[in-house]
Amino acid sequence: MADPYHNNIYHQGDGDSYGTYGQGGQDGYGYQTDYPPQEEDAASDATEGHDEEDQMYEGEYQGIPHPDEVKAARRAARAKARTVADAVSEQEELAEQYEDIMEDCGHGKFQWTLFVVLGLALMADSVECFVVALVLPSAEKDMCLSHAEKGMLGLIVFLGMMFGAFIWGGLADKVGRRKCLIIVLAMNCISAFFSSFAQGYGFFLFFRLFSGIGIGGSVPIVYSYFSEFLQMNKRGEHLSWLCMFWMMGGIYASFTAWGIIPRYGWGFSMGTEFQFHSWRVFVLVCALPAIAAFVGLIFMPESPRFLLENAKHDEAWMILKQVHDTNWRAKGEPERVFTVTHIKIPKTQEDEFIEIQTATGTAFQRWVVRTLTLTKLVIKNVLSLFGRDLRLATLLMAIIWFTMAFSFYGLSVWFPDMIKHLQHEEYESKLKVFHREKVEQFHFNFSLENQVHKEGEYINDKFIDIEMKSVKFEDSLFVDCFFENIRSTETIFENCTIRSTVFYDTDLYEEKFIDCTFENVTFLHNKKGCHLDYEEENDVLVYLVSFLGSLAVLPGNIISALFMDKIGRIKIIGGSMLISAGCTFFLFLSFSQAAIIAWQCLFCGVSVAAWNGIQVITVELYPASKRATAFGVLNAICKLAAILGSSIFASFVGITKVIPILLSCIALVGGGVLALKLPETREKVLL
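Along each chain, residues carry numbers from 1 onward, in the same order as the chain's sequence is written. Reporting of local features is limited, given that this is a predicted model, to residues whose pLDDT is at least 70; pairs of side-chain atoms are given and counted only at 80 or more, and all residues count toward the totals for whole chains, interfaces and linings. As a rule here, side-chain values cover all heavy atoms of the structure and leave hydrogens and water aside.

- Named according to an unreviewed UniProt entry, the protein chain is Synaptic vesicle glycoprotein 2B originating from Cyprinus carpio.
- Taken from UniProt, the Subcellular location (unreviewed entry) comment for the protein chain reads in full: "Cytoplasmic vesicle, Secretory vesicle, Synaptic vesicle membrane".
- UniProt positions are given in the numbering used here, feature names are shortened, and annotations may be inferred rather than shown by experiment. UniProt, in the comment section headed Sequence similarities (unreviewed entry), describes the protein chain in these words: "Belongs to the major facilitator superfamily."

What follows is the structure, given as structure tokens:
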């Protein structure tokens with residue numbers, strides 16, 4: 001059979017560190033397991049004055065095998081498996097070679113540095129999911145938002161993230177992981193800045209959509225990028241540890257919201273047209289993780305596996321050498337030599353970019369052709385996910401992602417909405433009703449709250465320097481009254497008759513008078529703008545619920561990371577989803593705010609293990625040329641499920657809790673059972 005690889009040989013001068021790329025040894029690998037003997041004068045200063053007999057492995061007398069022996073045993077097992085197999089595809093052959101190289105590079109300082117940088121990018125994605133929900137109570141008063149506009153603002157971020165995951169996941173397989181991640185982080189930072197200053201609803205909505213499109217691509221790229229710097233026995237554990245940054249993002253968002261938004265003094269205004277309140281400061285602070293990740297990523301290299309897939313072998317070799325030298329130098333073994341001298345080159349792809357000569361057409365024409373070509377390649381890559389080899393895996397993963405996201409995000413909205421509903425019911429139970437009261441020549445100098453006044457008569461009364469909160473005047477008569485410096489929240493006048501009355505410096509504008517009759521009524525210096533229709537106290541329970549829900553996933557994160565490589569991805573996913581389904585049934589017994597918060601924490605703590613397993617196995621099921629594309633498509637399905645789940649579950653708040661609980665339980669059970677049908681990938685090299 002013809003060699004499926006090009007055996008290109010790069011001849012270089014003596015002493016050049018690139019070596020040669022070409023045909024390997026007997027096994028066909030571009031790789032040497034034993035380090036070549038070094039010249040005496042090339043020995044490191046670290047080994048000077050020491051005999052080889054003095055350098056004894058400390059675990060020798062304890063019967064612990066040397067790490068090099070463990071690596072040799074793993075390679076021998078993989079080589080034996082290849083000889084047993086009838087045929088080894090060129091993709092598997094390259095994957096085996098890359099795994100051997102990563103084992104030689106080791107796991108150390110380089111991976112941990114990249115871990116922090118990519119973790120901050122993942123943290124930025126988590127913050128984006130929380131930021132709108134946390135600022136909405138303040139933003140709705142600042143920008144005069146209706147219920148429909150609030151709902152759209154809550155969904156627009158997930159809509160943007162859905163498109164972002166699809167677009168940037170596909171581009172990352174063609175343009176590069178690092179380059180695309182830098183772009184999406186830059187988009188998120190720029191959008192956060194402009195959205196914090198946007199005064200109108202339309203501009204704020206647009207910039208949050210743009211921010212979602214940007215940061216939506218971070219999750220598919222981060223996991224694909226990091227996995228390609230990990231060896232097989234470290235992959236499941238360290239990808240699970242990376243998931244902890246998503247938890248940290250939720251904690252960061254809720255903690256900073258708690259500390260910033262209630263501080264109304266942290267802002268400024270320029271007349272009535274430009275307001276910069278504390279919630280806008282919070283939006284700016286939420287961009288800090290993305291900024292930090294953007295700066296850190298500038299100093300990180302591209303994925304060598306991506307470079308090899310795109311025939312950029314010199315660059316890949318240099319990066320692999322950098323990883324090797326960084327790790328072993330940090331471990332105190334700088335004398336270790338990167339022994340890879342040649343790496344196999346995959347076939348030149350038929351769908352390579354169309355190169356356009358500089359003299360051909362204008363710059364714009366060349367850009368258009370390249371863009372169209374890139375779009376065609378991305379679409380072709382997406383369609384290949386439904387080819388014969390990957391169709392079943394893609395279908396199963398799509399269902400599992402959908403069911404998990406539908407239940408998780410649906411309940412994530414349902415929990416706080418149910419708490420607000422219980423608070424509202426408790427508040428309404430304390431409602432005071434005044435029927436046919438008659439008040440004459442009285443000075444109201446105290447606030448009115450949670451009251452209904454029916455068929456009352458108010459003659460020559462004064463309402464001065466007071467606050468009205470949740471007050472309704474119904475079928476009442478006001479004659480010769482005077483209202484001055486009134487601040488109101490959820491206060492209306494319905495079917496009232498108002499005669500010879502003056503409203504001076506109040507926020508009682510037309511929308512608050514429903515079917516009322518006015519006779520000789522004067523409005524002077526009315527306060528305009530709904531940002532004046534607010535409550536001074538902030539409900540800290542909103543921040544507390546978000547904080548506890550994020551913190552509750554810590555035990556699940558730790559357990560899943562420790563056992564991901566021991567018991568396998570499939571058992572983690574299936575077990576977690578089925579246990580989470582069981583947890584939802586106990587919601588039938590939750591009749592108080594404390595009970596709902598407790599069950600929310602339990603659900604989040606259990607379900608996070610399934611999330612970790614799903615993300616790990618998604619990376620491992622697909623080859624390098626399709627990895628980010630597949631992750632992007634599945635993550636887009638996840639965001640679609642989040643939109644549907646949050647919309648459906650929220651619509652049943654205050655009506656019934658049976659349907660949301662049954663829907664989440666059925667979805668989790670179905671997804672958990674299907675997860676058990678997936679192939680186990682913990683002993684599989686990354687294709």
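Having seen it, we continue.
## Comments concerning the overall build of the protein chain
For step 1, the next point in the chain: Segments assigned H or I by DSSP are reported as helices when at least four residues long, segments assigned E as strands when at least two residues long, and all are numbered from the N terminus. Of regular secondary structure, the protein chain possesses 21 helices and 16 strands.
For step 2, the next point in the chain: When a residue's accessible area, from a 1.4 Å probe over protein chains only, is under 20% of the maximum for its type it is buried; when over 50% it is exposed; and in between it is partly exposed. Taking all 687 residues of the protein chain together, the buried fraction comes to 51%.
For step 3, the next point in the chain: In the protein chain, of all internal contacts separated by at least 6 residues, the share reaching a separation of at least 24 is 68%.
For step 4, the next point in the chain: For every accessible area listed, the method is Shrake-Rupley and the probe measures 1.4 Å; residues are considered covered only by the protein chains on display. Summed over all atoms, the accessible surface of the protein chain reaches about 31800 Å², with 61% contributed by carbon and sulfur. By the convention used here, residues are in contact when the closest approach between their heavy atoms is within 4.5 Å.

## A look at the packing of aromatic side chains
For step 1, the next point in the chain: Each pair of aromatic rings taken from Phe, Tyr and Trp, with Trp reduced to its six-membered ring, is defined by centres within 6.5 Å and is described as stacked if the planes are under 30 degrees apart, edge-to-face if over 60, and tilted in the remaining cases. Evaluation of the coordinates by the stated rule reveals 49 aromatic pairs.
For step 2, the next point in the chain: For the pair Phe 206 and Phe 210, a centre-to-centre distance of 6.2 Å together with 20 degrees between the ring planes defines the contact as stacked. Here Phe 206 and its partner Phe 210 are both found in helix H6 (residues 201–215), four residues apart, which amounts to about one turn of the helix.
For step 3, the next point in the chain: Judged by relative accessible area, Phe 210 falls into the partly exposed class, the value being 32%.
For step 4, the next point in the chain: Placement of a charge over a ring requires the Lys NZ or Arg CZ to be within 6 Å of the ring centre, with the centre-to-atom vector within 35 degrees of the ring normal. Between the NZ or CZ atom of Arg 305 and the centre of the ring of Tyr 98, over which it lies, the distance is 5.3 Å.
For step 5, the next point in the chain: Seen from the ring of Trp 328, Lys 331 lies directly overhead, with NZ or CZ sitting 4.6 Å from the centre.

## Quick notes on the pairing of strand S10 (residues 482–489)
For step 1, the next point in the chain: Any two strands between which DSSP finds at least two bridges are classified as paired. Examined bridge by bridge, strand S8 (residues 462–474) and S10 share seven bridges and lie parallel to one another. Note that in S10 the partner of Met 468 across the bridge is Ser 488.

## Examining the environment of Ser 470
For step 1, the next point in the chain: The topology assignment puts Ser 470 in strand S8.
For step 2, the next point in the chain: When its relative accessible area of 17% is taken as the criterion, Ser 470 is described as buried.
For step 3, the next point in the chain: Between the C-alpha atom of Ser 470 and that of Val 452, which follows or precedes it by 18 residues, the distance is 8.5 Å.
For step 4, the next point in the chain: Setting aside residues no more than four positions away along its own chain, Ser 470 makes contact with Tyr 427, Glu 449, Asn 450, Gln 451, Thr 489, Glu 490 and Thr 491.

## A look at the sheet that holds strand S12 (residues 497–499)
Strand pairing in a sheet takes place through backbone hydrogen bonds and is either antiparallel or parallel in direction.
For step 1, the next point in the chain: Reading across from one edge, S4-S7-S9-S12-S15 is the order of the five strands in this open sheet, with parallel pairing throughout. With partners counted over all chains shown, the strands left at the sheet margins are strand S4 (438–440) and strand S15 (517–519), one partner each. In this sheet, neighbouring strand axes are inclined to one another by 5 degrees on average, regardless of whether the strands run parallel or antiparallel.
For step 2, the next point in the chain: Of the pairings in the sheet, the one linking strand S9 (residues 477–479) to S12 comprises three bridges and is parallel in character. Looking at S12, one finds that Phe 478 is bridged to Ile 498. Axis angles are defined between N-to-C directions and span 0 to 180 degrees, where every axis is a line fitted to C-alpha atoms and, for a helix, only to the segment in contact.

## Considering the pattern of salt bridges
For step 1, the next point in the chain: Should a side-chain nitrogen of Lys or Arg be within 4 Å of a carboxyl oxygen of Asp or Glu, the pair is scored as a salt bridge. Counted under the stated rule, the structure contains 18 salt bridges.
For step 2, the next point in the chain: The closest approach of N and O atoms between Asp 173 and Arg 177, which form a salt bridge, is 2.7 Å. The same class applies to Asp 173 and to Arg 177, which are both buried.
For step 3, the next point in the chain: Across the salt bridge formed by Glu 309 and Arg 305, the nearest N and O atoms sit 3.5 Å from each other.

## Examining helix H9 (residues 244–260)
For step 1, the next point in the chain: Its 17 residues place the ends of H9 24 Å apart at the C-alpha level, agreeing with the 24 Å of an ideal helix rising 1.5 Å per residue.
For step 2, the next point in the chain: Among the 17 residues that make up H9, 12 are buried, leaving the element largely enclosed by the rest of the structure. Expected span, for any helix, means 1.5 Å times one less than how many residues it has.

## Some remarks on a nonpolar patch on the surface
For step 1, the next point in the chain: A cluster of nonpolar side chains, Phe 585, Leu 640, Leu 644, Ile 648, Val 658, Ile 659, Leu 662, Leu 663 and Ile 666, forms an exposed patch at the surface whose accessible area comes to about 700 Å².
For step 2, the next point in the chain: Only helix H20 (627–651) and helix H21 (658–675) provide two or more residues apiece to the nonpolar patch.
For step 3, the next point in the chain: When residues of the nonpolar patch are assigned to their parent elements, the largest contribution, five residues, is made by H21.
For step 4, the next point in the chain: Take Ile 659: it is sitting in helix H21.
For step 5, the next point in the chain: Classification of Ile 659 by relative accessible area gives partly exposed; the value is 34%. Patches in this entry comprise residues that are over 30% relatively accessible and not in a salt bridge; like charges within 9 Å are linked, as are nonpolar side chains (Val, Leu, Ile, Met, Phe, Trp, Tyr) within 5 Å.

## What about the packing of helix H17 (residues 553–567) against helix H19 (residues 593–621)?
For step 1, the next point in the chain: Relative orientation of the contacting elements H17 and H19 amounts to 35 degrees, with a least axis distance of 7 Å. H19 is crossed by H17, and the crossing has right-handed handedness. Across from Val 553, Gly 556, Asn 557, Ser 560 and Met 564 in H17, the residues of H19 making contact are Cys 604, Gly 605, Val 608, Ala 609, Asn 612 and Gly 613.
For step 2, the next point in the chain: In terms of residue class, the contact of H17 with H19 is built from five nonpolar, six polar and no charged. By convention the crossing between two helices is left-handed if the near helix lies anticlockwise of the far one by an angle smaller than a right angle, and right-handed if it lies clockwise. Just so you know the grouping, Ala, Val, Leu, Ile, Met, Phe, Trp, Tyr, Cys and Pro go in nonpolar, Asp, Glu, Lys and Arg go in charged, and all remaining residues, Gly too, go in polar.

## Comments concerning unusual backbone geometry
For step 1, the next point in the chain: Phi angles above zero are rare outside glycine, and Asn 450 is one such case at about 55 degrees.
For step 2, the next point in the chain: Along the chain, Asn 450 turns up in strand S6 (residues 448–454).
For step 3, the next point in the chain: Taking the relative accessible area as the measure of exposure, Asn 450 reaches 8% and is therefore buried.

## Some points on the pairing of S6
Every other side chain in a regular strand lies on the same face of the sheet, so the side chains alternate between the two faces.
For step 1, the next point in the chain: For S6, a buried count of five out of seven residues is recorded, marking the element as mostly surrounded by other parts of the structure.
For step 2, the next point in the chain: In this structure, strand S3 (residues 432–435) lies alongside S6, joined through four bridges in parallel fashion. Its bridge partner lying in S6, Lys 432 is registered against Gln 451.
For step 3, the next point in the chain: Judged from the six bridges that link them, S6 and S8 form a sheet pairing that is parallel. Note on S8: the bridge partner recorded for Glu 449 is Lys 469.

## What to know about the confidence of the model for the protein chain
For step 1, the next point in the chain: The predicted model of the protein chain has a mean per-residue pLDDT of 80, with 81% of residues at 70 or higher.
For step 2, the next point in the chain: For every residue, the pLDDT score states the predictor's confidence, bounded by 0 at the bottom and 100 at the top. Every residue in residues 1–57 is under pLDDT 50, and counting partners more than four places away or in other chains gives 91 contacts.
For step 3, the next point in the chain: Scored below 50 in pLDDT, residues 531–538 shows 30 contacts in the model against residues more than four places distant or in partner chains.

## Things to note about the environment of Leu 589
For step 1, the next point in the chain: Its location among the elements puts Leu 589 in the loop between helix H18 (569–585) and H19.
For step 2, the next point in the chain: Note: C-alpha distance between Leu 589 and Trp 599 (10 residues apart in sequence) is 9.9 Å.

## Some points on the packing of H17 against H18
Each pair of packed helices can be summarised by the angle the axes make with each other and by the distance between the axes.
For step 1, the next point in the chain: Orientation of H17 relative to H18, taken along the N-to-C sense of each, is 125 degrees, at an axis distance of 7 Å. Put simply, H17 runs oblique to H18. Across the interface between the two elements, Ser 560, Phe 563, Met 564, Asp 565 and Ile 567 of H17 pack against Arg 569, Lys 571 and Ile 572 of H18.
For step 2, the next point in the chain: Among the residues forming the contact of H17 with H18, the class breakdown is four nonpolar, one polar and three charged. The cut-offs work like this: below 35 degrees is roughly parallel, past 145 is roughly antiparallel, 65 to 115 is roughly perpendicular, and the gaps in between are oblique.

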